[in-house]
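Residue-level listing of the chains:
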Number of protein chains: 2
Amino acid sequence: MSENKIPDIVIGRLPLYLRSLQRMQQENRIITSSQELGERLGISAAQIRKDLSLFGEFGKQGTGYNIPYLIEKIQQILHVDRVWDVVVVGAGDIGSGLARYQGFSNRGFRVAMIFDRDPLKIGAKIGNFIIQDSHNLSETIRKAGIKIAMIAVPSSEAQTVANQLIKGGVRAILNYAPISISVPPHIQIQYIDPSIHLQRMTYYLE
Amino acid sequence: MSENKIPDIVIGRLPLYLRSLQRMQQENRIITSSQELGERLGISAAQIRKDLSLFGEFGKQGTGYNIPYLIEKIQQILHVDRVWDVVVVGAGDIGSGLARYQGFSNRGFRVAMIFDRDPLKIGAKIGNFIIQDSHNLSETIRKAGIKIAMIAVPSSEAQTVANQLIKGGVRAILNYAPISISVPPHIQIQYIDPSIHLQRMTYYLE
DNA sequence: ATTAATATGTTAAAATCTAAACATAAGAAG
DNA sequence: CTTCTTATGTTTAGATTTTAACATATTAAT
């Protein structure tokens, strides 16, 4: 219950809880239980209760959890009880897709700008965004106060872009380039690489 | 070293090792060490040695690991010493992006077909692929012997598509729809949802 | 040839994480 | 009002995972 130090592995599960709860809310559900949530997610009910208990007492014994209330609490914990502006770097297929992606609404994020360094792309529009010159990346995002970025450039450019982002004040990076990037310890970094996921599954095939 | 039972968490790290090793190979490196690999990945050297030792003795004491040899060994372990045909379901931004994605080559995968159910899209081309009618999904992939699929349809369709895929013989699913899917225990499933990754990072911001 | 340095593979210890058990509170039923 | 059922939050035990330590093998240097 106290503000000790929460294991990162627990933090990693909270967004999953949140997503399932929001889905239930869309189904007009009011109450759920650790058991139901666990079945939806393939996680034990005990695990879910234990995780949540690290942050407070959000349920009611004999009844379960009030869905809207628990959503609110998890959003507060994860700091997504607000909308974060996010920058996209790279206007290829992945970057363009991210700029157009409708899935960030209600999740706490909004794409605010997109950059590329290709003169043929700069100035063009993707959805409502005009592709900006990544030469001005650091300055522009600093002025805009942007703290979160998604990298969708070729692997060879990813480290350079990350450095520019950090220089511009970014604190969290989601990297779609299939390469490990080196960042200072106070910078959050996460990776999305479909091949990594696929390879993890092929081990179990055949 | 023996064929006991390898923890899944170890399997999850092998693709990361492989990716870094392949990167080193592109840099024309021949030898590396658990320490160097660990530094690139932010994993302890002991961890890497321990993981690899579960499968065999791939290094040489006093010297390190031969990069091409270790790549070959990990590829064999993960069953990516071959090319797997993969099907994409959903020809929206994400699905189209996956069909055009150049990043699967040398990673063990190749997009083989793409499906959608929208009559306006069926028959159209994405890269070299003609979008096929997902009405025939199960039959077509069964005939083609496809075992791996990526789902890129709206959340509301994801479970239905997954069921069709499993009916068609698919054994591993990478789901881009931001929703938990229920599958039998012998089916592998992994998720890609950028909001999940972003929310995991915002916890540490502010 | 001997010594020193290096880096693996393995063993043992420490730390972390998960699962199970249970006491308690809330609500429903009789 | 009492009893029964349900489901939480917490405690305890068990399992897993990570880290550290070390013996051994290889290479390089003197």
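Residues numbered from 1 in each chain as written. Chains lettered and ligands numbered in written order. Predicted model: local features only at pLDDT ≥ 70, side-chain atom pairs only at ≥ 80, totals over all residues. Heavy atoms only, no water.

### Thoughts on the overall build of chain A
In terms of helices and strands, chain A carries 8 helices and 11 strands. Expressed as a percentage of the 206 residues in chain A, the buried residues total 52%. In chain A, of all internal contacts separated by at least 6 residues, the share reaching a separation of at least 24 is 57%. When the accessible area of chain A is evaluated, it comes to approximately 9,900 Å², of which 50% is carbon and sulfur surface. (Helix = DSSP H or I, 4+ residues; strand = E, 2+ residues; numbered from the N terminus. Buried < 20%, exposed > 50% of the residue type's maximum accessible area, 1.4 Å probe, protein only. Contact = heavy atoms within 4.5 Å. Areas by Shrake-Rupley, 256 points an atom, 1.4 Å probe, with all protein chains shown as cover.)

### Focus: empty space enclosed by the protein
Going through the model one piece at a time under the given rule, you end up with 1 cavity of 30 Å³ or more. In terms of lining residues, the largest cavity is bounded by 16 residues, among which Ile94, Leu98 and Tyr176 of chain A together with Ile94 and Tyr176 of chain B are the most central. Among the secondary structure elements, those contributing two or more residues to the lining of the largest cavity are helix H5 (93-100) of chain A together with helix H5 (93-100) of chain B. (1 Å grid on protein atoms, 1.4 Å probe; cavity = no way out; pocket = protein on both sides within 12 Å on 5 of 7 lines; lining within 4 Å. Points joined across faces, edges and corners; volume = space filled by probe spheres on them.)

### Points about the domain arrangement of chain A
On domain assignment, one finds that chain A holds domain 1 (8-78) and domain 2 (84-196). Here the C-alpha centre of domain 2 of chain A lies 31 Å away from the C-alpha centre of domain 1 of chain A. (Domains from an automatic or database assignment.)

### A closer look at the packing of helix H1 (residues 8-26) of chain B against helix H3 (residues 45-53) of chain B
Residues and elements named next belong to chain B. Packing of H1 against H3 brings their axes to within 11 Å, and their N-to-C directions diverge by 110°. In terms of orientation, H1 and H3 fall into the roughly perpendicular class. Contacts between H1 and H3 involve Val10, Arg13, Leu14 and Tyr17 from the first element and Gln47, Ile48, Asp51 and Leu52 from the second. Here the contact of H1 with H3 is built from residues that sort into 5 nonpolar, 1 polar and 2 charged. (Axes fitted to C-alpha atoms, helices over the stretch in contact; angles between N-to-C directions. Parallel < 35°, antiparallel > 145°, perpendicular 65-115°, else oblique. Nonpolar A, V, L, I, M, F, W, Y, C, P; charged D, E, K, R; others polar.)

### Section: the protein's contact with DNA strand C
Residues in close proximity to DNA strand C total 26 residues, the closest being Gln61 of chain A together with Ser34, Gly59, Gln61 and Tyr65 of chain B. Within 4 Å of the protein, the contacting atoms of DNA strand C are 65% sugar and phosphate, with bases supplying the remainder. Between DNA strand C and glutamine 47 of chain A, the relevant distance is 3.3 Å, taken from a sugar or linking oxygen to a side-chain nitrogen or oxygen of the residue. Separating a phosphate oxygen of DNA strand C from a side-chain N or O atom of lysine 60 of chain A is a distance of 3.4 Å. (Near = heavy atom within 4 Å. Polar contact = N/O pair within 3.5 Å; in protein donor to acceptor, adjacent residues only side chain to side chain.)

### Examining the sheet that holds strand E1 (residues 31-32) of chain A
Within a beta sheet, neighbouring strands are joined by backbone hydrogen bonds and run either parallel or antiparallel to one another. All names here are of chain A. One open sheet accounts for 3 strands, arranged E1-E3-E2; its pairing is antiparallel. The two strands at the open ends of the sheet, each matched to only one other strand, are E1 and strand E2 (59-60). Where E2 meets strand E3 (residues 64-66), 2 bridges bridge the pair, whose relative direction is antiparallel. Pairing of lysine 60 across the sheet is with glycine 64, part of E3. (Pairing = 2+ DSSP bridges.)

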